[in-house]
Amino acid sequence: MKICVAQTRPVKGNIQKNIEHHKQLIAIAVSCKADAIIFPELSLTGYEPGLAKALATHPDDFRFDDFQKISDIHHMTIGVGVPTKNNSGICISLLLFQPQCARQIYSKRYLHQDEEAFFVSGQNISDITVKQIPLALAICYEISVPQHREAAVSSGAKIYVASVAKFVSGIDKALDSLSEIARTSSMTVLMSNCVGASDGDICAGKTSIWNEKGLLLGQLDDTHEGILLLDTDAQEVVAKYVK
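Just so it is clear, the structure is predicted and the values come from calculations on it, not from any experiment.

Novice: Outline the nonpolar core, listing residues and values.
Specialist: Counting 53 residues, the largest nonpolar core has I3, L135, I143, Y160, V161 and L178 as its most contacted members. A total of six residues in this core trace back to one element, the largest contributor, which is helix α5 (residues 171-185). Dropping the residues within four chain positions of it, Y160 is found in contact with A136, A138, E142, I143, H148, A152, L178, I181, M187, T188, V189 and L190. Ranked by size, the runner-up nonpolar core spans 24 residues in total, among them I15, L25, A34 and I227.

Novice: Run through the pairing of strand β8 (residues 159-163), naming residues and quoting values.
Specialist: Most of β8 is tucked away, with five of its five residues classed as buried. Here β8 shows two buried faces, one formed by I159, V161 and S163 and the other by Y160 and A162. Inspection of the sheet shows strand β7 (residues 133-139) paired to β8 by five bridges, in the parallel sense. Looking across to β8, one finds that L137 is bridged to V161. For the handedness criterion, the β-α-β arrangement of β7, helix α4 (residues 146-154) and β8 is classed as right-handed.

Novice: Got a sec to walk through the pairing of strand β1 (residues 2-7)? Specific residues and values, please.
Specialist: Look at any regular strand and the pattern is simple: side chains alternate between the two faces of the sheet. Of all six residues in β1, five are buried; the element is thus mostly enclosed. Of the pairings in the sheet, the one linking β1 to strand β2 (residues 36-38) comprises three bridges and is parallel in character. Across the sheet, the residue bridging to C4 is I37, located in β2. The parallel pair β1 and β2 is bridged by helix α1 (residues 15-31), and the resulting crossover is right-handed.

Scoring rules and cut-offs
- Within each chain, residue numbers correspond to sequence positions counted from 1 in written order.
- Reporting of local features is limited, given that this is a predicted model, to residues whose pLDDT is at least 70; pairs of side-chain atoms are given and counted only at 80 or more, and all residues count toward the totals for whole chains, interfaces and linings.
- Processing note: side-chain calculations cover all non-hydrogen atoms of the structure and skip hydrogens and water entirely.
- Here, nonpolar core means buried Ala, Val, Leu, Ile, Met, Phe, Trp, Tyr and Cys residues that are tied together by side-chain atoms lying within 4.5 Å of each other.
- Exposed residues in this analysis have more than 50% of their type's maximum accessible area, buried residues have under 20%, and partly exposed residues fall in between, with area computed by a 1.4 Å probe over protein chains only.
- By the criteria applied, helices consist of DSSP H or I runs no shorter than four residues and strands consist of E runs no shorter than two, each listed in order from the N terminus.
- Contacts are assigned to residue pairs with any non-hydrogen atoms lying within 4.5 Å of each other.
- Strand pairing is assigned whenever DSSP identifies at least 2 bridges connecting the two strands.
- Clockwise travel from the first strand over the helix to the second, with the strands pointing away from the viewer, marks a crossover as right-handed.

Pasting the structure below:
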């Protein structure tokens, strides 16, 4: 399997512009024959809690139809970050598009204390499968929650994918945590992060991949948009930046 994580520079609050940027990155993944691509936390809006209520939408939003078409045509799983509505409030979610399948939604269950004024805990889907390989998903703060890690291990997942919006001040701790998850859980771990300004701070980039021993296989820089792709059979990583 070829799976990649994207590194984006979101345009604050502009879903349509961010969709176009996502499609550029997906095109690079398609050219690499990727089977899956996962984007950072709230990648379609930027990590902007104060705007989430106004921007929140639902999985069947017609603006996302192109993601489904690309998934169907290229047999690719695509995960994009967006705030979604449920009966209790607004969730931080990953919308998942898989070939010829109904859209699925993975919503962040464990919120950071700072997020509780803007978001509610969501329900997680069962972990997804790509090319018969089970994946466990996590959104940002969840990587630090022991119960979440334990559930990922219990699910039998071989690959752990974290969709995050980590600032410069928190990136080193996140990188250490994800390396530890890989080493102690014997899972391949991928992290998708963004760059640029977000919520009054600066996102750190450094989108990364670790092998099941916790060793870093590849990492993007802290400035540019791009993808980091892992061939799970060859254990080779390729970095591609947007020109």
